[in-house]
Amino acid sequence: MVDRIAVMSADVVVRALRAAAEPTRLRILALCARGELTVSELVHVLGQSQPRVSRHLRLLVDGGLMERFREGSWVFHRVVHEGPMAGLVRTLLDGLDPADAGLAPDLARLGEVKEERARAAEAYFRRNAAEWDRLRGLHVDDGEVERRIVDLLPDARLGTLLDVGTGTARILELLAPRLDRGEGIDLSREMLAVARANLERAGLSQCAVRRADMYDLPFQAGAFDVVTIHQVLHFADEPGRVIAESARVLRAGGRMLVVDFAPHDLESLRDEHAHRRLGFADAEVEAWFRAAGLKTAARQHLSGDPLTVGIWLAGKRPAAERTLEEVN
Ligand SMILES: C[S@@+](CC[C@H](N)C(=O)[O-])C[C@H]1O[C@@H](n2cnc3c(N)ncnc32)[C@H](O)[C@@H]1O
C-alpha cells in the first residue's frame, strides 16, 4: 500500500491532502466510499445547501480524490478506486472511526436513503413479479442474449452455479440441464414465488432459490464454479461490491458472467422501472472485475434499439497470482 502512494509527486499529494482536510469534505469522502452518490443524495444526508455541497465536491474532484460521471440527468460521485490515489484515499478512510460523532449521523442517514431506494425497487418487483418474463423481453431480444450465454459457457457440465438476483429463475432454467446444482438468490419474495413455480413446473430438482441479499451472500468462499448476474447490476447502489461479493463465493478458476445494458440515455427506465444506473461501459465493469481478483475473458455487445446489451465473462485468478499482482 505504501509504495502505491509513493509513486505520486509531492504536489499531487499535498493538493489531495488539502482537499481532504476539511470536516465536510472528509464526511463526503467517507459517504462516497460506501457507494456512488448523486449531489441531491449528499445534500439530503449532509443537510447542507446544494451550492455548498457542489463546491466541496468540486474541490475533492480537483484534488484527485473523487471522480464524477454524468448519466442522463443524474451526476454521480465516487471515490477513486484505482491507481495510487486510491491507496491514499483508503489510508485516510481506514483510520476513521465510523462511530465518530461527526460521522455516525451521516452514516445513519445514508442507511435510510439506501433503504428507501431498496424499498422502492422491491415494490417495483412486487408489482411486476407475475409479469416479469414479458417485461424482461420488452427492450431486448431475450432469445439472442440466451444463445450468447450458452455459447460463452460451452462446457458439457458446468458444476455448481449461483444466479445472483435470479428473479423468475430464467437463467437457472436455461443452464439447469448441465448443472450438478443451481442456486438462485433474490430479495423479492414475490419474484421468488414465481421462480419456485417455474422450477417446479420444469421439474428442475437440482435447482433451488432462496431469499438473500446480493451484498451478503449466505455461502462459503469458493462454493461455486459459475456465478451469473443477469440484468441486476443497474439496480445496485454499489455494483462493484456486488461483483466483489459474488467473486468471493467463486472458486479459483471459476467463471463469472455478467449481463447488463451498455451505457444508454433512456431516463424513463429510472422512473418507470426503478433503474439506478443507465448501463455500464466495458471499462467500468472490467475495473470491478480486476478489483475482485477476476480476469476478463470475453466481452460482447448485442446492439439493439434503443438498448444495447453487454455480456462480460471473467475468470477468478488463483490466489497466488492475485497476491503477486498486489505486491507488484
Ligand atoms: C431485473 S431483475 C432480473 C432478474 C433475473 N436475473 C432476470 O434477468 O430475469 C433484478 C432482480 O434483482 C433483485 N434484487 C435487487 N436487489 C437485490 C439485492 N440486494 N439482493 C438480491 N436480489 C436483488 C430483484 O428483486 C430482481 O428480481
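Residues numbered from 1 in each chain as written. Predicted model: local features only at pLDDT ≥ 70, side-chain atom pairs only at ≥ 80, totals over all residues. Heavy atoms only, no water.

Moving on: the packing of aromatic side chains. Under the defined criterion, the tally for this structure stands at six aromatic pairs. Summarising the aromatic geometry, the rings of Phe125 and Phe235 are spaced 4.9 Å apart at their centres and angled 65° between planes, so their arrangement reads as edge-to-face. Here Phe125, found in helix H7 (residues 104-128), pairs with Phe235, found in the loop between strand S7 (224-230) and helix H12 (239-248); they are 110 residues apart in sequence, far enough to count as distant. Each of the two residues, Phe125 as well as Phe235, counts as buried. Judged by centre distance (5.6 Å) and plane angle (70°), the rings of Phe280 and Trp288 are edge-to-face. A residue is classified by how much of its surface remains accessible, and Trp288, at 12% relative accessible area, is buried. Clustering of aromatic rings is evident, with ring pairs tying together Phe69, Trp74 and Phe76. (Phe/Tyr/Trp six-rings, centres within 6.5 Å; stacked < 30°, edge-to-face > 60°. Helix = DSSP H or I, 4+ residues; strand = E, 2+ residues; numbered from the N terminus. Buried < 20%, exposed > 50% of the residue type's maximum accessible area, 1.4 Å probe, protein only.)

Either a parallel or an antiparallel arrangement is found when strands of a sheet pair, and the pairing is made through backbone hydrogen bonds. In spatial order, the strands read S1-S3-S2; together these three strands make up an open sheet with antiparallel pairing. The outermost strands of the open sheet, each flanked by one partner alone, are strand S1 (37-38) and strand S2 (66-71). Judged from the six bridges that link them, S2 and strand S3 (residues 74-79) form a sheet pairing that is antiparallel. When the sheet's bridge partners are listed, Arg68 is paired in S3 with His77. (Pairing = 2+ DSSP bridges.)

Moving on: the domain arrangement of the chain. Domain boundaries in the chain define domain 1 (2-96) and domain 2 (131-327). Placing the centre of domain 1 and that of domain 2 at their C-alpha centroids yields a distance of 30 Å. Each partner contributes residues to the interface: domain 1 has 15 residues there, and domain 2 has 15 residues. A buried area of about 1,100 Å², summed over both sides, lies between domain 1 and domain 2, and 32% of it is on carbon and sulfur atoms. Arg277 is the salt-bridge partner of Glu36, the closest N and O atoms lying 2.8 Å from each other. (Domains from an automatic or database assignment. Contact = heavy atoms within 4.5 Å. Buried area = accessible area lost by both parts, 1.4 Å probe. Salt bridge = Lys/Arg side-chain N within 4 Å of Asp/Glu carboxyl O.)

Quick look at the pattern of salt bridges now. Per the stated rule, a full pass over the model turns up 31 salt bridges. Among the salt bridges present, the one from Asp106 reaches Arg27, with a minimum N-O distance of 2.7 Å. One end of the pair, Asp106, is in helix H7; the other, Arg27, is in helix H3 (residues 23-32), and 79 residues separate them in sequence. In this structure, Arg251 and Asp225 form a salt bridge, with 2.5 Å as the shortest nitrogen-oxygen distance. On the criterion of sequence distance, the pair formed by Arg251 in strand S8 (residues 250-261) and Asp225 in strand S7 is long-range, its members being 26 residues apart. You can call Arg251 partly exposed: its relative accessible area is 36%. Salt bridges sharing common partners tie together Glu36, Glu67, Glu71, Arg78, Glu267, Arg270, Arg277 and Glu284.

Looking now at the sheet that holds S7. Read from one edge to the other, the open sheet built from seven strands follows the order S6-S5-S4-S7-S8-S10-S9, with strand pairing classed as mixed. Each edge of the open sheet carries a strand with a single partner, namely strand S6 (207-211) and strand S9 (294-302). Taken over all neighbouring pairs, the strand axes of this sheet differ in orientation by 15° on average, direction set aside. With four bridges joining them, strand S4 (residues 159-164) and S7 adopt parallel strand pairing. Bridging from a neighbouring strand, Leu162 pairs with Val227 of S7. Together, S7, S8, S9 and strand S10 (309-316) form the strand contacts of helix H9 (residues 142-152), whose direction differs from that of S9 by roughly 150°. (Axes fitted to C-alpha atoms, helices over the stretch in contact; angles between N-to-C directions.)

Here the focus is the site of the ligand. The ligand sits among 18 residues. The nearest are Trp132, Arg136, Gly165, Asp186 and His230. Here the ligand, which alone exposes 590 Å², has 95% of that area covered by the protein. Sorting the residues of the shell around the ligand by element identifies helix H8 (132-136) and strand S5 (179-186) as the ones contributing at least two each. Grouping the constituent residues of the shell around the ligand by class yields nine nonpolar, six polar and three charged. (Near = heavy atom within 4 Å. Areas by Shrake-Rupley, 256 points an atom, 1.4 Å probe, with all protein chains shown as cover. Nonpolar A, V, L, I, M, F, W, Y, C, P; charged D, E, K, R; others polar.)

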